[in-house]
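Letter by letter, the chains look like this.
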Amino acid sequence: GYRVSLQGNFFGCNDTYMTFPEYNPRKHIKLDPPMNIQSNATASKCQIWWSVWNVPWYLAEILQYELQYKEYSMSWEVALNKTLPSSLPQVEIEATELRSGVAYAARVRCKVSENEDSYHSQWSEWSQATVFQRADVPKVSEKILGTKTMQYLFIPLSFGTLLYLFWSCKLSSRGTVHFFKCFFLTLGQKASPALTFPGQLLSFSHSIVCTMGILR
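Quick summary incoming for the structure in this document. Keep in mind it's a predicted model, so treat the numbers as computed, not measured. (Residues numbered from 1 in each chain as written. Predicted model: local features only at pLDDT ≥ 70, side-chain atom pairs only at ≥ 80, totals over all residues. Heavy atoms only, no water.)

## Observations concerning the environment of P25
Using the following cut-off: A run of DSSP states H or I qualifies as a helix once it reaches four residues; a run of E qualifies as a strand once it reaches two. Both are numbered from the N-terminal end. Exposed residues in this analysis have more than 50% of their type's maximum accessible area, buried residues have under 20%, and partly exposed residues fall in between, with area computed by a 1.4 Å probe over protein chains only.
Relative to the assigned elements, P25 resides in the loop between strand 2 (13-23) and strand 3 (29-30). The exposure class of P25 is partly exposed, given its relative accessible area of 35%. Counting along the chain gives 94 residues from P25 to Y119, while the straight-line C-alpha distance between them is 8.7 Å.

If you want it as C-alpha cells, here you go:
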C-alpha cells in the first residue's frame, strides 16, 4: 500500500498531516463512463452496446454494468435500472418492456464487480444517452388475406363442381377418360410452384368447361 500525507504551512509553521496511513489504489477506483453507446430497435427487441475507455484488460473482464432507461419525455428520476449479469458491453431489452410508438432514452455506467476481492470501485458517471423506438409489428396486407381466402374457398368449390358433373351426367368411356385427364392435368398445374393462383384458377376453369363439353 501507500502512505498519503499532507504538508502545509499553517500560521507560519510547517506541519505534516497523515491523511491515509495505508492507502491501496486498488480499493479506490473510479472508471471513466462508457462511451459510444448505440442502439438498434426492432419489433421484437432493442439491442444496446457501448465501449469502455482507458480500462486495463484485467479490469475489463470483471466489470459490472448498470443500465438505466426511460421514456424520452420523462425524467431520469423515474427511469428503470437494471444491473447486468454479464461483463460484456451489450444488453437486450425485450419488446414487451417497451411501448410501441414511444421514444426511449438509455444510458449505462460501470464499476468493478462486487464479487472481486482484489479490487473495489465506485460507479462511474453515466454515459451519454442513446435514443431508440420500438418498431411496429408489420401487418399482413388485406390483399394477401384476400388471396388466401380465395384459395381456401376455391378448393372445396372445385371438388364440389367436379362431383356434380360426375354424378349428374352419363359418361361414356371416352368422356370418362377425358374427364379425369383434364382433372389430373389441372391438379398437376396447381401443384406447380411456378403457376400463380390466378393462373391456376383460369386453368382449372378451362378444364371444367372442356369437361362439360365432353360430357354433352
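## Considering the pattern of salt bridges
For the record, the criterion: Criterion for a salt bridge: a side-chain nitrogen of Lys or Arg within 4 Å of a carboxyl oxygen of Asp or Glu.
In this structure the tally under the stated criterion is 6 salt bridges. With a shortest N-O distance of 2.7 Å, E97 and K82 are connected by a salt bridge. Residue E97 is found in the loop between strand 8 (90-94) and strand 9 (103-112), and its partner K82 is found in strand 7 (residues 80-83); the two are separated by 15 residues along the sequence. For E97, a relative accessible area of 32% translates into the label partly exposed. Residue classification places K82 among the partly exposed positions, given a relative accessible area of 28%. Here K111 ties to E114 by a salt bridge, and the two come within 2.7 Å at their closest N and O atoms.

## Concerning the packing of aromatic side chains
Convention followed: Pairing of aromatic rings covers Phe, Tyr and Trp, the last through its six-membered ring, and needs centres within 6.5 Å; plane angles under 30 degrees mean stacked, over 60 mean edge-to-face, and all others mean tilted.
Counted according to the given criterion, the structure contains 4 aromatic pairs. Geometrically, the ring pair formed by W50 and Y65 is edge-to-face, given 5.2 Å between the ring centres and 70° between the ring planes. One end of the pair, W50, is in strand 5 (residues 45-51); the other, Y65, is in strand 6 (residues 63-71), and 15 residues separate them in sequence. Both residues of the pair, W50 and Y65, count as buried.

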